[in-house]
Amino acid sequence: MSKKAQEHKAKGNKFFSQKKYVEAIKWYTKAIEADGNQAAFYSNRCAAYMGLNQFDKALGDADNCIRVKPKWVKGYYRRALALMSLSRYEDAAECFQKALEIDPSNADIKTKLGQAKDKARFSVKKVGPDGKPLSDAQICKEEGNVLFRNGKYEEAIKKYGRAVALAKTEDEKAIYYSNRALAYAQVRNHEQVVSDCTKAIEIKPTAKTLIRRGLAYEMLEKYKRGLADMKQALELDPNARVASEAISRLTKAV
């Protein structure tokens, strides 16, 4: 770190301690311009942006902090706090989880991870991981996910159906059909599980959807069809333990 960059950082810290965030940002920016490879500079400016409620800019600095020093817990902590302030609770929870993997004994991170998960349970995600707004179809899916997490399966089914209707691509439809199938499974409507999974598989076969349909076939006592799905799922994902266990059961039932 150059002496000039260190001096700029020290001036930024002085203004930050006085809660003069605009001035602090000015000097942290000078420090970054002098030496852009110091994660602490981005971290400090991130904190100053948070003080001004400029959460998008804070998130950008947290991202740069992680880019410069990927194994530093503070970068992920800063990013998670910015995401929380942007009401992106699910993304924040993922970021707190990464921070906890770096520092497993950090009690503060554990507490904030729990808080983020609690908020995510009841909040509808409206932006993607890239910060771009979700489409109407994607928002319907997220609304369905919240309803599903809270045990409101019939309402979730309606939301996923709306997502299918609004979907712009066939690949999107496959995802929403698969989600609706899982909701149907929770209300034991196995025929509809098979129907939705079949629609999804016709568009894009995945191990998850094949397993979902195979389990529905098992519940309907259509063991041969269930076995065929599980075998195909295992071809797509050799590590799919659910498929391996189901094959053992279904082989005996056929």
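Residues numbered from 1 in each chain as written. Predicted model: local features only at pLDDT ≥ 70, side-chain atom pairs only at ≥ 80, totals over all residues. Heavy atoms only, no water.

Examining the packing of aromatic side chains
How two aromatic rings sit relative to each other is given by the distance of their centres and the angle of their planes. Applying the stated rule across the entire model yields 3 aromatic pairs. Ring centres 6.1 Å apart and planes at 65° place the aromatic pair Y77 and F96 in the edge-to-face group. Linking Y77 in helix α5 (residues 73–85) with F96 in helix α6 (residues 89–102), this pair joins segments that are 19 residues apart in sequence. For the pair shown, Y77 and F96 are each scored as buried. Taking the centre distance of 5.2 Å and the plane angle of 65° together, the rings of F148 and Y153 count as edge-to-face. Of note, K30 hangs over the ring of W27, and the distance from its end group to the ring centre comes to 5.5 Å. The aromatic ring of W72 is capped on one face by K69, whose charged end is 4.9 Å from the ring centroid. (Phe/Tyr/Trp six-rings, centres within 6.5 Å; stacked < 30°, edge-to-face > 60°. Helix = DSSP H or I, 4+ residues; strand = E, 2+ residues; numbered from the N terminus. Buried < 20%, exposed > 50% of the residue type's maximum accessible area, 1.4 Å probe, protein only. Lys NZ or Arg CZ within 6 Å of the ring centre and 35° of its normal.)

Describing unusual backbone geometry
The backbone of K19 sits at a positive phi, close to 60°, despite the residue not being glycine. With a phi angle near 65°, S87 is a residue other than glycine that sits in the positive phi range.

Remarks on the side chain of D196
Inspection of the secondary structure assignment puts D196 in helix α11 (residues 190–203). Given a relative accessible area of 0%, D196 falls into the buried group. Ignoring anything within four residues of it in the chain, the contact list for D196 reads Y177, R180, A181 and Y184. (Contact = heavy atoms within 4.5 Å.)

Notes on the packing of helix α13 (residues 223–236) against helix α14 (residues 241–253)
Remark: α13 packs on α14, axes separated minimally by 9 Å, with the N-to-C direction vectors making an angle of 150°. As the angle between them shows, α13 and α14 are arranged roughly antiparallel. α13 and α14 meet at a crossing whose hand is left-handed. Only A243, S244, A246, I247, L250, T251 and A253 of α14 make contact with α13, whose side of the interface consists of Y223, G226, L227, M230, K231, A233 and L234. Residue composition of the contact of α13 with α14, grouped by class: 10 nonpolar, 3 polar and 1 charged. (Axes fitted to C-alpha atoms, helices over the stretch in contact; angles between N-to-C directions. Parallel < 35°, antiparallel > 145°, perpendicular 65-115°, else oblique. Left-handed = near helix turned anticlockwise from the far one by under 90°. Nonpolar A, V, L, I, M, F, W, Y, C, P; charged D, E, K, R; others polar.)

Some details on the confidence of the model for the protein
Across the protein, the average pLDDT comes to 95, with 100% of residues at or above 70. Put simply, helix α7 (residues 107–122) is where the protein has its lowest mean pLDDT, 93, and α11 is where it has its highest, 98. (pLDDT = per-residue confidence, 0-100.)

A closer look at the pattern of salt bridges
Scanning all chains against the criterion turns up 12 salt bridges. One salt bridge in this structure joins R213 and D229, with 2.7 Å as the shortest N-O distance. With R213 in helix α12 (residues 207–219) and D229 in helix α13, this residue pair connects regions lying 16 residues apart in the sequence. Comparing R213 with D229, the two get one shared label, buried. A salt bridge links E245 to R241; its shortest N-O distance comes to 3.6 Å. With a gap of 4 residues between them, E245 and R241 both fall in helix α14, about one helical turn apart. According to the relative accessible area criterion, E245 is partly exposed, its value standing at 43%. Linked by salt bridges that have partners in common, R88, E90, D91 and K125 make up one network. (Salt bridge = Lys/Arg side-chain N within 4 Å of Asp/Glu carboxyl O.)

As for α11
Helix length check: α11, at 14 residues, gives a terminal C-alpha distance of 20 Å against a target of 20 Å (1.5 Å per residue), a fit within 8%. Among the residues making up α11, those that are buried are H190, V193, V194, D196, C197, A200 and I201. (Expected span 1.5 Å × (residues − 1).)

Focus: helix α9 (residues 153–166)
In a regular helix each residue adds 1.5 Å, so 14 residues correspond to 20 Å; α9 covers 20 Å between its end C-alpha atoms and thus fits that length. Tucked into the core, α9 has its buried residues touching α8 (136–149) and α10 (170–186).

Regarding the packing of α8 against α10
Contact geometry for α8 and α10: axes closest at 11 Å, N-to-C directions at 20°. Taken as axis vectors, α8 and α10 run roughly parallel relative to one another. Every pair of crossing elements has a handedness; the one defined by α8 and α10 is left-handed. Contacts from A137, Q138, K141, N145 and F148 of α8 reach α10 at E172, I175, Y176, N179, L182, A183 and Q186.

Details of the nonpolar core
Counting residues in each nonpolar core, the largest one holds 31 residues, and the members touching the most others are A48, M50, A58, M84, F96, I109 and A116. For this core, the secondary structure elements donating two or more residues are α2 (21–34), α3 (39–51), α4 (55–68), α5, α6 and α7. Beyond its immediate stretch of four places on either side in the chain, I109 contacts V73, Y77, F96, A99 and L100. Counting residues in hydrophobic clusters, the runner-up holds 25 residues, among them A183, Y184, A207 and A246. (Core = buried A, V, L, I, M, F, W, Y, C linked by side-chain atoms within 4.5 Å.)

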